[in-house]
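Summary of the model geometry
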Amino acid sequence: MANEIQYRYEKDHLSKSEPNKYKADELKSEEMLINIGPQHPSTHGVLRLEVISDGEVVKDVIPHLGYLHRCFEKHAESLSYNQIIPYVDRMDYLAAMNSEHAYALGVERMLGIEDRIPPRVEYIRVLVAELNRLASHFVAVGTYAMDIGAFTPFMWMMRDREHILRLLEWASGARMLYNYIWVGGLFYDLPVGFEEQCATFIDYLKPKMTELKRLVMENKIFIERTANVGVLPLDLAINYGVTGPMLRGSGLKYDLRKVDAYSVYPELDFQVPIGTGEMGTVGDCWDRTWVRVVEIDESLHIMSQCLERLQGDLKRDRDFDPQALVPKKIRPKKQDLYVRAENPKGELGFFFRADGRSDKPFRCKARSCCYVNLSIISEIAKGGLIADLVAIIGSIDVVLGEVDR
């Protein structure tokens, strides 16, 4: 009896609430409906793609989400502002420092203490955020090469990423989910010797990046698998709200660290790489990967400048307290605020609604760059081959924890 009731419920409710766009009996004789995913590594986690194909040609792709729902926004309504930071970590768990930085900036702006943060705190924030940007791009490039058949670059990237995770663990006590950047400051100052070890890592990584470019970006097989594949025209990218390396790969120099400068980025010198169609068409999979690889070089340049300041005029002293401005109770005045920052995958934004009475946000909405970037897949995959679909997914570089937040 119980099984019969369950069957009726699924038939009457689930089929109506989550209908597939296409039904098998409505397909043409030459068309196939194929489910790809959810599985690692080809769909990069719990992503299911409903693919309509005509032989090997993709006619349509419909992404199905929600398998990794984090309930972040609902959790945020029942937690105080400072308690939300560990939940921010768990959205894009490959770039937790960057997400923390964006969230802390938003709350500090609501409190009106944004301009009072000590310079040393801001430079440390940028340093660890750029370290995490490197780690995120290492996973993006390494797993992407593995997606299309190359195993060695993945091992190289994981080897070098391990150095970063050890540095961040040394500073925060955690390998991936840090809770290090706090509202008003930091969990703690950098450990003694951190700056020297970080500088050593930069010197170590620079020649490794030259090797990576030769092994992957100039590889004939990699070029043939990515050039002229998944082309994203610039006007389409803008209309869909695509940001990050996806947008820059289509040829637009749009980086929030430049166009909507925050923290100490205006004081730092770095370039914004874009796709130029060097190996194929502007906005193809190769361009998007190239942008991420060159951004690694720019992040190293940013880190060198931060270390120069931290070891120079901002060198620690015994009176420095990174928690001096951390409020014991965070109760912003009544307001609505949206703040955004440049994460490794694009624009991460937080919308806050404070009621002026509670130390918990009335509403905390996250604008996920991974979610927006993934929405373009049906447009850029149509007309391509099924074999190219995995290459297109990898070039988008999504983390499903943030998509399903």
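Residues numbered from 1 in each chain as written. Predicted model: local features only at pLDDT ≥ 70, side-chain atom pairs only at ≥ 80, totals over all residues. Heavy atoms only, no water.

So, about the sheet that holds strand S6 (residues 335-343). Sheet architecture is open: three strands sit in the order S6-S7-S8, paired in antiparallel fashion. The open sheet is flanked by S6 and strand S8 (363-367), the only strands paired with a single partner. Averaged over all pairs of adjacent strands, the angle between their axes in this sheet comes to 15 degrees, without regard to strand direction. Inspection of the sheet shows strand S7 (residues 346-354) paired to S8 by five bridges, in the antiparallel sense. Counted as the bridge partner of Phe-352 is Cys-364 from S8. Contacting S6, S7 and S8, helix H4 (residues 96-111) crosses the sheet at an angle of about 150 degrees to S6. (Pairing = 2+ DSSP bridges. Helix = DSSP H or I, 4+ residues; strand = E, 2+ residues; numbered from the N terminus. Axes fitted to C-alpha atoms, helices over the stretch in contact; angles between N-to-C directions. Contact = heavy atoms within 4.5 Å.)

Strands sit in the order S1-S2-S3 across an open sheet of three strands; the sheet is antiparallel. Two strands lie at the open edges of the sheet, namely strand S1 (31-36) and strand S3 (57-64), each paired on one side alone. The mean angle between the axes of side-by-side strands here comes to 20 degrees, regardless of whether they run parallel or antiparallel. Pairing of S1 with strand S2 (residues 48-54) involves six bridges; the strand directions are antiparallel. Counted as the bridge partner of Glu-31 is Asp-54 from S2.

With that settled, the discussion passes to the confidence of the model for the chain. In the predicted model, the chain carries a mean pLDDT of 89, and the fraction of residues at 70 or more is 92%. Every residue in residues 1-18 scores below 50 in pLDDT, and together they form two contacts with partners more than four places removed in sequence or on other chains. (pLDDT = per-residue confidence, 0-100.)

So, about unusual backbone geometry. Despite not being glycine, Ser-263 has its phi angle at roughly 55 degrees, a positive value. Inspection of the secondary structure assignment puts Ser-263 in the loop between helix H11 (256-259) and helix H12 (285-310). One non-glycine residue, Asp-397, adopts positive backbone phi at about 60 degrees. Within the secondary structure, Asp-397 is located in the loop between helix H15 (386-396) and helix H16 (400-403).

To continue, consider the environment of Pro-344. Its location among the elements puts Pro-344 in the loop between S6 and S7. The class for Pro-344 is buried, based on a relative accessible area of 0%. In this structure Pro-344 touches Ala-95, Asn-98, Arg-133, Ser-136, His-137 and Pro-245, once residues within four positions along its chain are discounted. (Buried < 20%, exposed > 50% of the residue type's maximum accessible area, 1.4 Å probe, protein only.)

Applying the stated criterion to the full structure yields zero disulfides. Between Cys-285, a cysteine without a disulfide, and Cys-370, which holds the nearest cysteine sulfur, the sulfur-to-sulfur distance is 16 Å. Left without a disulfide partner, Cys-369 is nearest to the cysteine sulfur of Cys-370, which lies 4.7 Å away. Assessed through its relative accessible area of 0%, Cys-369 is described here as buried. (Disulfide = S-S within 2.5 Å.)

Turning our attention to the environment of Ile-113. Relative to the elements of secondary structure, Ile-113 occurs in the loop between H4 and helix H5 (119-147). With a relative accessible area of 8%, Ile-113 lands in the buried category. Ile-113 has contacts with Glu-108, Gly-184 and Leu-325, leaving out every residue within four places of it along the chain.

Closest axis-to-axis distance for the H5/helix H6 (residues 152-172) pair is 9 Å, and the angle between their directions is 160 degrees. Taken together, the axes of H5 and H6 lie roughly antiparallel to each other. In this structure, H5 crosses over H6, and the sense of that crossing is left-handed. Each of Val-128, Leu-131, Asn-132, Leu-134, Ala-135, Phe-138, Val-139, Val-141, Gly-142, Thr-143, Ala-145 and Met-146 in H5 lies in contact with H6, whose residues at this interface are Pro-153, Phe-154, Met-157, Met-158, Asp-160, Arg-161, Ile-164, Leu-167 and Leu-168. In terms of residue class, the contact of H5 with H6 is made up of 16 nonpolar, three polar and two charged. (Parallel < 35°, antiparallel > 145°, perpendicular 65-115°, else oblique. Left-handed = near helix turned anticlockwise from the far one by under 90°. Nonpolar A, V, L, I, M, F, W, Y, C, P; charged D, E, K, R; others polar.)

Once that is clear, we can look at the pattern of salt bridges. Counted by the stated rule, this structure contains 31 salt bridges. Linking Glu-195 and Arg-316 is a salt bridge whose minimum nitrogen-to-oxygen distance equals 3.1 Å. Here Glu-195, found in helix H7 (residues 194-217), pairs with Arg-316, found in the loop between H12 and S6; they are 121 residues apart in sequence, far enough to count as distant. Taken together, the shared-partner salt bridges in this structure form one network comprising Glu-130, Arg-133, Arg-248, Asp-255, Arg-257, Glu-295 and Glu-342. (Salt bridge = Lys/Arg side-chain N within 4 Å of Asp/Glu carboxyl O.)

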